[in-house]
Amino acid sequence: MEFKGVSRRNFIKTLGITTALAATGTIPPVLYASERRLVTYPEKTELLLLTSSPPQLETPLKYFRELITPNEALFVRWHLSNIPTSVDLDTWRLVIHGNVEKPISLSFDDLKKFEKISYTAVIQCAGNGRSFFEPPLFGGQWLNGAMGNVTWGGVRLKDVLKSAGIKTGSIEVVFKGLDKAALSATPGFLKSLQLDKALEDDIIIAYEMNGQELPMLNGFPVRLVVPGWYATYWVKSLSDIEVTVKSSESFWMKTAYRIPDDPCGCVEPGTAPKKTVPITRMTTRSLLINPEDGSRIKFGQPIELMGVAFSGGYSIKEVLVSVDGGMDWRPARLGIDIGRYSWIQWFYPWQPTKPGTYQVMVRATNSIGESQPLDGLWNPSGYLLNKIERHNLIVT
Ligand SMILES: Nc1nc2c(c(=O)[nH]1)N[C@H]1C(S)=C(S)[C@@H](COP(=O)(O)O)O[C@H]1N2
Ligand SMILES: [Mo]
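Rules behind the numbers
- Residues numbered from 1 in each chain as written.
- Chains lettered and ligands numbered in written order.
- Predicted model: local features only at pLDDT ≥ 70, side-chain atom pairs only at ≥ 80, totals over all residues.
- Heavy atoms only, no water.
- Domains from an automatic or database assignment.
- Contact = heavy atoms within 4.5 Å.
- Buried area = accessible area lost by both parts, 1.4 Å probe.
- Disulfide = S-S within 2.5 Å.
- Buried < 20%, exposed > 50% of the residue type's maximum accessible area, 1.4 Å probe, protein only.
- Helix = DSSP H or I, 4+ residues; strand = E, 2+ residues; numbered from the N terminus.
- Polar contact = N/O pair within 3.5 Å; in protein donor to acceptor, adjacent residues only side chain to side chain.
- 1 Å grid on protein atoms, 1.4 Å probe; cavity = no way out; pocket = protein on both sides within 12 Å on 5 of 7 lines; lining within 4 Å.
- Points joined across faces, edges and corners; volume = space filled by probe spheres on them.
- Nonpolar A, V, L, I, M, F, W, Y, C, P; charged D, E, K, R; others polar.
- Core = buried A, V, L, I, M, F, W, Y, C linked by side-chain atoms within 4.5 Å.
- Pairing = 2+ DSSP bridges.
- Axes fitted to C-alpha atoms, helices over the stretch in contact; angles between N-to-C directions.
- Salt bridge = Lys/Arg side-chain N within 4 Å of Asp/Glu carboxyl O.
- Near = heavy atom within 4 Å.
- Areas by Shrake-Rupley, 256 points an atom, 1.4 Å probe, with all protein chains shown as cover.
- Sits in = over half its atoms within 2 Å of the grid points.

**Some remarks on the domain arrangement of the protein chain**
Turning to step 1, where the next piece is worked out: By the assigned domains, the protein chain splits into domain 1 (8-77), domain 2 (94-278) and domain 3 (285-395).
Turning to step 2, where the next piece is worked out: If you average the C-alpha positions of domain 2 and of domain 3, the two centres end up 29 Å apart.
Turning to step 3, where the next piece is worked out: If you look at the interface, domain 2 gives 36 residues, while domain 3 gives 22 residues.
Turning to step 4, where the next piece is worked out: In total, about 2,500 Å² of surface goes out of reach between domain 2 and domain 3, with carbon and sulfur atoms giving 63% of it.

Below, the structure written as structure tokens:
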């Protein structure tokens, strides 16, 4: 199987090199923001390296100047080091089993016979922006590159589940991919959705990203897409779907990817939540993409600030911009709205009246009034980050 000019052999070779470097200590296991360097992986353009084993790569900010994030620039995040590096579609099957009338095993062609659905949706890691938490936290020190806006094409999960026939008493659906842990003691990456959620119209088993097959690192041949929810549920290289009668005991549901059980998903910094629940919908965010934080701008020249805004499944109603550290706020012009799961671009023409350092802030509000806090809310895992960002632009 060849992927857009990348042979399977090359793919494995490249992975081998980075893994070997990590083993000899040349690449530290976690790279902090300031030490981040660009690396090239199969089917990917230069991305910022977070860890090499498993691969965790983030997208340089410049790619977010476009409405759609190109496949080769989309971030990569795996939890287990034994990831699939090739899939033979002749033998690959997607199995649906458990509490169903008749277990089914679908080939890639069988799957494509279901009605095709397509929409644009933001994919974002729950820990995106973790490096901006105060006080700082353990865990992957993502900047803002663990996100992207992609047009997904695939089939409704609901249609596939119904073709197997869901039996009464079912309460959850469990998803598993082809990746495995290096050590058998490490729990497999199992994620689950409650049955009523799994049957929502918009959840798809995607076989296309921006009209093309998925890059291997983003889950070839198919992945789950749960639009509006954090990407932890978007199981890649999906191979096994099980309908169950009891709630999942998976480490990735019971222990990891949980937030404090209160409306803000937050607790006092440094404290432990009394009760937690699995993380689900994304918070509302807006980002300044261009010019980047710390840029120098020539005095006397009008410029246009631009960025993106999105929320967990509700359209963005308004984006306000302040160029004076939050005193005065004015509405930005919004770009075309291509759907409630997509991000929207915002634009703000600006001509500074005098040289100096300007603190730029951006704040989005969605159609149900969800917005962004001025000061960061805190939770022990560093999820849900959506505080209003403060960027300095230097006009000289
Ligand atoms: N099979 C599998 N699917 C997975 C994961 C994984 O480790 N294994 N990680 C999840 C998490 S936490 C994220 S953020 C996204 C990352 O998707 P990407 O690599 O396509 O950007 O995949 C999700 N799906
Ligand atoms: Mo993630």
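Next comes the rest of the write-up.
**Here we look at the state of the cysteines**
Turning to step 1, where the next piece is worked out: Applying the stated criterion to the full structure yields one disulfide.
Turning to step 2, where the next piece is worked out: One disulfide in the model links Cys 264 with Cys 266; its S-S distance is 2.0 Å. Between Cys 264 and Cys 266, the S-S dihedral sits near -90 degrees, and the bridge is therefore left-handed.
Turning to step 3, where the next piece is worked out: What makes Cys 266 buried here is its relative accessible area of 16%.

**Some thoughts on the side chain of Lys 158**
Turning to step 1, where the next piece is worked out: Take Lys 158: it is sitting in helix 3 (residues 157-164).
Turning to step 2, where the next piece is worked out: At 2.4 Å, the side chain of Lys 158 and the side chain of Asp 201 are in polar contact.
Turning to step 3, where the next piece is worked out: Beyond its immediate chain neighbours, meaning those up to four positions away, Lys 158 contacts Ala 198, Leu 199 and Asp 201.

**Topic: empty space enclosed by the protein**
Turning to step 1, where the next piece is worked out: On inspection of all chains with the given rule, the structure shows two cavities of 30 Å³ or more.
Turning to step 2, where the next piece is worked out: The calculated volume of the largest cavity comes to roughly 230 Å³.
Turning to step 3, where the next piece is worked out: Around the largest cavity sit 18 residues that line it, and Arg 77, Arg 223, Ala 231, Trp 234 and Lys 236 are the ones nearest its centre.
Turning to step 4, where the next piece is worked out: Taken together, the residues that form the lining of the largest cavity break down as 11 nonpolar, three polar and four charged.
Turning to step 5, where the next piece is worked out: Of the residues that make up the lining of the largest cavity, three or more belong to each of domain 1 (8-77) and domain 2 (94-278).
Turning to step 6, where the next piece is worked out: Taken as a whole, the second largest cavity encloses approximately 60 Å³ of empty space.
Turning to step 7, where the next piece is worked out: Class assignment for the residues of the lining of the second largest cavity results in five nonpolar, four polar and two charged.

**Structural notes on the nonpolar core**
Turning to step 1, where the next piece is worked out: In terms of nonpolar packing, the biggest core is built from 80 residues, with Trp 152, Ile 205 and Ile 241 touching the most fellow members.
Turning to step 2, where the next piece is worked out: Of all hydrophobic cores here, the second largest spans 20 residues; its members include Leu 305, Ile 316, Tyr 358 and Val 360.

**Points about the sheet that holds strand 6 (residues 104-106)**
Adjacent strands of a sheet pair through backbone hydrogen bonds, lying either parallel or antiparallel.
Turning to step 1, where the next piece is worked out: Strand order in the open sheet made by the five strands is 6-5-13-9-10, with mixed pairing throughout. Two strands in the sheet have a free side with no partner beyond their single neighbour: strand 6 and strand 10 (190-194). On average, adjacent strands in this sheet sit at an angle of 20 degrees to one another, irrespective of strand direction.
Turning to step 2, where the next piece is worked out: Alignment of strand 5 (residues 94-98) against strand 6, held across three bridges, turns out to be antiparallel. What sits directly across from Ile 96, in strand 6, is Ile 104.

**A short note on the pattern of salt bridges**
Turning to step 1, where the next piece is worked out: Tallied over the full model, the rule gives 14 salt bridges.
Turning to step 2, where the next piece is worked out: In this structure, Lys 113 engages Asp 110 in a salt bridge whose closest nitrogen and oxygen atoms are separated by 3.4 Å.
Turning to step 3, where the next piece is worked out: With a relative accessible area of 27%, Asp 110 lands in the partly exposed category.
Turning to step 4, where the next piece is worked out: Between Glu 134 and Lys 387 there is a salt bridge, with the nearest N and O atoms lying 3.0 Å from each other. Of this pair, Glu 134 sits in the loop between strand 7 (116-124) and strand 8 (147-156) while Lys 387 sits in the loop between strand 23 (356-366) and strand 24 (390-395), placing them 253 residues apart in sequence.
Turning to step 5, where the next piece is worked out: The structure contains a network of salt bridges with shared partners spanning Glu 115, Arg 156 and Asp 159.

**Digging into the sheet that holds strand 4 (residues 76-77)**
Turning to step 1, where the next piece is worked out: Within the open sheet, the four strands sit side by side as 1-2-3-4. Their pairing is antiparallel. At either margin of the open sheet sits one strand with a lone partner, and together these are strand 1 (38-39) and strand 4.
Turning to step 2, where the next piece is worked out: Of the pairings in the sheet, the one linking strand 2 (residues 47-51) to strand 3 (residues 56-58) comprises three bridges and is antiparallel in character. Following the sheet pairing, Leu 48 is matched in strand 3 by Glu 58.

**So, the layout of surface pockets**
Turning to step 1, where the next piece is worked out: By volume, the largest pocket is sized at about 590 Å³.
Turning to step 2, where the next piece is worked out: In terms of lining residues, the largest pocket is bounded by 26 residues, among which Phe 132, Asn 144, Asp 293, Glu 389 and His 391 are the most central.
Turning to step 3, where the next piece is worked out: At the level of secondary structure, the elements contributing two or more residues to the lining of the largest pocket comprise strand 16 (285-290) and strand 24.
Turning to step 4, where the next piece is worked out: By residue number, the principal contributor to the lining of the largest pocket is strand 16, which donates three residues.
Turning to step 5, where the next piece is worked out: Across the lining of the largest pocket, the residue classes tally to 12 nonpolar, five polar and nine charged.

**A short note on the site of ligand 1**
Turning to step 1, where the next piece is worked out: If you check the shell around ligand 1, you find 18 residues, and the closest are Phe 75, His 79, Asp 179, Arg 223 and Lys 236.
Turning to step 2, where the next piece is worked out: One of the backbone nitrogen or oxygen atoms of Arg 77 is found 2.9 Å away from an oxygen atom of ligand 1.
Turning to step 3, where the next piece is worked out: Here an oxygen atom of ligand 1 and a side-chain polar atom of Arg 223 are 2.6 Å apart.
Turning to step 4, where the next piece is worked out: With the chains in place, 100% of the 530 Å² that ligand 1 exposes on its own is no longer accessible.
Turning to step 5, where the next piece is worked out: Its atoms largely coinciding with the cavity grid, ligand 1 occupies the largest cavity.
Turning to step 6, where the next piece is worked out: Tallied by class, residues from the shell around ligand 1 come to 11 nonpolar, three polar and four charged.

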